[in-house]
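Given next are the chains, with one letter for each unit.
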Amino acid sequence: SQQGEEDPQALSIQEGENATMNCSYKTSINNLQWYRQNSGRGLVHLILIRSNEREKHSGRLRVTLDTSKKSSSLLITASRAADTASYFCATDGGGTSYGKLTFGQGTILTVHP
Amino acid sequence: DGGITQSPKYLFRKEGQNVTLSCEQNLNHDAMYWYRQDPGQGLRLIYYSQIVNDFQKGDIAEGYSVSREKKESFPLTVTSAQKNPTAFYLCASSIGGLVNTEAFFGQGTRLTVV
């Protein structure tokens, strides 16, 4: 079964606006990762946040993690049409399943020029 | 170029046939994974291998088989026992071991039953 639930399922915004996507999960994690997928292509890693971190930045990306609520959010600031893609959160449960990622259903982001 | 290569990009299978999807990496990664993605869905783990000559079932292993005879290669066979094999298959690799690390993905193989 899927570990993560993402919200919203689809998001449509104008260029220049910010996009926020949320991810909730059920069990304890070692880290949480965000990936991007362009239509019909493989996934590309965006950012990894460890379970003992609360916030992380990378360029226009900002990720937060709240382990008490078992949730994470991905913020893309000043969005561009090229940001149009599906975004997935993935959790790494650690322990004997270290590195084994469990993916959410994804958020489809459309950025209109 | 370092990376992970899947072939073929498109594959057509007749009912009752076994087919094998190729996945090769030159990143010197210990861990490799196979995921299945259905339209509009997330990824589901089929099999994973954390070291050569060892692999474990994921969440949806029924109807699939794998081998890991070489560090660089992790082929996936979709057998005739897989009742609904039409999907997008993604292979990934990571450094492995007890480290926080990202996964690198291939470009995928789209399998269609005809």
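Scroll up to find the structure.
Quick look at the structure, then. Predicted, not measured: the structure shown is a model, and the values here were computed from it.

1. Overview of a nonpolar patch on the surface
Residues and elements named next belong to chain B.
In step 1: On the surface, a nonpolar cluster with roughly 360 Å² of combined accessible area is contributed by Tyr-10, Phe-12 and Val-114.
In step 2: Of note, Tyr-10 is situated in strand S2 (residues 10-13).
In step 3: Here Tyr-10 falls in the exposed class, since its relative accessible area comes to 52%.

2. A closer look at the sheet that holds strand S8 (residues 76-78) of chain B
All names here are of chain B.
In step 1: Taken in spatial order, the 4 strands make up an open sheet running S1-S3-S8-S7, and their pairing is antiparallel. On the outer flanks of this sheet lie strand S1 (4-7) and strand S7 (64-66), each paired with one strand and no other. For this sheet the average axis-to-axis angle between neighbouring strands, irrespective of direction, equals 20 degrees.
In step 2: Bridge count between S7 and S8: 3 bridges; the pairing is antiparallel. Each bridged residue has a counterpart across the sheet, and for Ser-65 the counterpart in S8 is Thr-77.

3. What to know about the state of the cysteines
Residue and element names in this part refer to chain A.
In step 1: Under the defined criterion, the tally for this structure stands at 2 disulfides over all chains.
In step 2: Between the sulfur of Cys-23 and that of Cys-89 lies a disulfide, 2.0 Å long from S to S. Because the torsion about its S-S bond is 65 degrees, the bridge between Cys-23 and Cys-89 counts as right-handed. Of this pair, Cys-23 sits in strand S3 (residues 19-24) while Cys-89 sits in strand S9 (residues 85-92), and the two are 66 residues apart along the sequence.

4. Quick notes on the sheet that holds strand S7 (residues 61-66) of chain A
Residue and element names in this part refer to chain A.
In step 1: Here 5 strands make up an open sheet; going across it, the order is S1-S3-S8-S7-S6 and the pairing antiparallel. Two strands lie at the open edges of the sheet, namely strand S1 (5-7) and strand S6 (55-58), each paired on one side alone. Pairs of neighbouring strands in the sheet enclose a mean axial angle of 15 degrees, with direction left out of account.
In step 2: Pairing analysis gives 4 bridges linking S6 to S7, with the strands arranged antiparallel. Each bridged residue has a counterpart across the sheet, and for Glu-55 the counterpart in S7 is Thr-64.

Conventions and cut-offs
- Residues numbered from 1 in each chain as written.
- Chains lettered and ligands numbered in written order.
- Predicted model: local features only at pLDDT ≥ 70, side-chain atom pairs only at ≥ 80, totals over all residues.
- Heavy atoms only, no water.
- Patch = residues over 30% accessible without salt bridge, like charges linked within 9 Å, V, L, I, M, F, W, Y side chains within 5 Å.
- Areas by Shrake-Rupley, 256 points an atom, 1.4 Å probe, with all protein chains shown as cover.
- Salt bridge = Lys/Arg side-chain N within 4 Å of Asp/Glu carboxyl O.
- Helix = DSSP H or I, 4+ residues; strand = E, 2+ residues; numbered from the N terminus.
- Buried < 20%, exposed > 50% of the residue type's maximum accessible area, 1.4 Å probe, protein only.
- Pairing = 2+ DSSP bridges.
- Axes fitted to C-alpha atoms, helices over the stretch in contact; angles between N-to-C directions.
- Disulfide = S-S within 2.5 Å.

All quantities given are derived from atomic positions and should not be read as evidence of function.
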